Protein chains: 2
Amino acid sequence: MNDLMPAKALVVLSGGQDSTTCLYWAIKKFAAANVSSITFDYGQRHRIELDCAREVAALAGVENTVLPINTFSAIGGDALTDAEIAVSSKVSEAGLPNTFVPGRNLIFLTFAAAFAYPRAIENIVTGVAQTDYSGYPDCREDTMRALETALNLGMESSLSIHTPLMHLSKRETVELASELGALPAMALTHTCYNGERPPCGRCPSCELRARGFAEAGIDDPLVRKS
Amino acid sequence: MNDLMPAKALVVLSGGQDSTTCLYWAIKKFAAANVSSITFDYGQRHRIELDCAREVAALAGVENTVLPINTFSAIGGDALTDAEIAVSSKVSEAGLPNTFVPGRNLIFLTFAAAFAYPRAIENIVTGVAQTDYSGYPDCREDTMRALETALNLGMESSLSIHTPLMHLSKRETVELASELGALPAMALTHTCYNGERPPCGRCPSCELRARGFAEAGIDDPLVRKS
């Protein structure tokens, strides 16, 4: 990269709590003018995620590009894209939750890298975390480092994959969001596996989010007070 | 994997010479009953490739699944998917031919792994070769090994990426195809960058293929004799 050019960053923005926190992390590190965001329309059951991502990006003042991926639904067989499979908290024989899309983050990050390449963006930011990774092996630090190596070899690039939440608990992620001024954006995010807004409060994803906010002693702006 | 189960293999079949040779390599190694093939419909300008893949798989007696990828054309800007960009033999400033789709093979192999995962297929075969790699860094041995590591970490799998052509010259690839009985299938393949059948004979891809057959002293069954 030309040292006179500002470093640019691309945030993989799902419309959820973690990627929204990462967006604000990237804005602090790279400045909003150098940050853009990418969201994947991969056939997720909860289309509201795409709206959330767009609203979060607009509030933060960064571009948001939605890229379609029609391949996962063609491969089929997972709860987050196949409407016929009910989400459950049960795990498969391999110990993975049935919301597992094999390699989903690998695909997202590889497409992000392909998007970044012609735009001279050398930093990709993703909200994956292994602390609370819920059995998703594509969120782990060693997976990310191996993928970074594969991407840089495969594209002859000097890309860095930033994972600011990798070793944070949900509590620490909420605290980080608060420090970064990301709490107002949290009201625009989507977390619930059941697609409800306000969130159902009962699914594993809602419970994890609620526990994080409770432990941080911070009110979740998404949850309507009774 | 259960040792009593036969090892299964998935061939990434483009409809070209190299992946067709790999299909016959896989059939010899794993037996036709254990081999299936996958072809990506990623918006390539030459739709004939999809027909070629189907015909090659049918001749070889293996299943062929076509998976769509609508993401590359959304990212845009490469000659193989963007009809407005003429193919040329010129290279970009980065030294890559303008047919380069950043990370294309990384995406193909990651989707292949996601397809293989629920089907208990632990072998993926791809025709990438670094000998004649024409500037495509995603065809190199070190890229493939790094990707294999990333996929196995990211999916908690024990996948092997087989690259039987990796260190072969085009001449040696033709000789291998001949040894494997793959020459009849070569008449069904597609190579020409200009999408012509019989091939144009002038594009870099046709020239590379012709040189391989000439050096092996074998007639290319695709080329009509005058």
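Here is what the cut-offs are and how they apply
Residues numbered from 1 in each chain as written. Chains lettered and ligands numbered in written order. Predicted model: local features only at pLDDT ≥ 70, side-chain atom pairs only at ≥ 80, totals over all residues. Heavy atoms only, no water. Phe/Tyr/Trp six-rings, centres within 6.5 Å; stacked < 30°, edge-to-face > 60°. Helix = DSSP H or I, 4+ residues; strand = E, 2+ residues; numbered from the N terminus. Buried < 20%, exposed > 50% of the residue type's maximum accessible area, 1.4 Å probe, protein only. Lys NZ or Arg CZ within 6 Å of the ring centre and 35° of its normal. Expected span 1.5 Å × (residues − 1). Contact = heavy atoms within 4.5 Å. Buried area = accessible area lost by both parts, 1.4 Å probe. Salt bridge = Lys/Arg side-chain N within 4 Å of Asp/Glu carboxyl O.

Novice: Please explain the packing of aromatic side chains as it appears in this structure.
Specialist: The relative placement of two aromatic rings is captured by the distance of their centres and the angle of their planes. Inspection of every chain in the model, using the stated rule, returns 13 aromatic pairs over all chains. Ring geometry for Phe111 of chain A versus Phe111 of chain B: centroids 6.2 Å apart, planes at 55 degrees, classification tilted. Pair noted here: Phe111 of chain A is in helix 4 (residues 104–116) and Phe111 of chain B is in helix 4 (residues 104–116), and the two residues belong to different chains. Taken as a pair, Phe111 of chain A and Phe111 of chain B share a single burial class, namely buried. Consider the rings of Phe40 of chain B and Phe111 of chain B, whose centres lie 6.5 Å apart with planes at 40 degrees: the pair is tilted. With Phe40 of chain B in strand 2 (residues 35–41) and Phe111 of chain B in helix 4, the pair connects residues that are 71 residues apart, well separated along the chain. Of the residues examined, Phe40 of chain B reaches a relative accessible area of 3% and is grouped as buried. Lying over the aromatic face of Phe30 of chain B, Lys29 of chain B brings its terminal NZ or CZ to 5.8 Å of the ring centre. The ring of Phe115 of chain B is capped by Arg119 of chain B, whose NZ or CZ atom sits 3.6 Å from the centre of that ring.

Novice: Please clarify how helix 4 of chain B should be interpreted in this entry.
Specialist: Given 3.6 residues per turn, any residue in an α-helix points the same way as the ones three and four places further on. A rise of 1.5 Å per residue sets the reference length of helix 4 of chain B, with its 13 residues, at 18 Å; its end C-alpha atoms lie 18 Å apart and thus fit the reference within 8%. Most of helix 4 of chain B sits out of view: 13 of its 13 residues are buried.

Novice: Explain the interface of chain B and chain A here, please?
Specialist: Reports of interface size often rely on the accessible area that becomes lost once the parts have come together. Taken together, the 36 residues of chain B in the interface contact 36 residues of chain A. Counting each side, the surface lost to burial between chain B and chain A is near 3100 Å², with a carbon and sulfur contribution of 71%. When the buried area of chain B at its contact with chain A is split by residue, Ile75, Phe111 and Leu153 of chain B rank highest and sum to 18% of it. Counting across the interface, chain B meets chain A through two salt bridges. Close ionic contact of Glu156 of chain B with Arg140 of chain A constitutes a salt bridge, the shortest N to O distance being 3.2 Å. Elements with a contribution of two residues or more to the side of chain B that touches chain A: strand 3 (63–68), helix 3 (71–75), helix 4 and helix 5 (141–155) of chain B. Per element, the largest residue contribution to the side of chain B that touches chain A is 10 residues, and it comes from helix 5 of chain B.

Geometric values such as these leave the question of function open.
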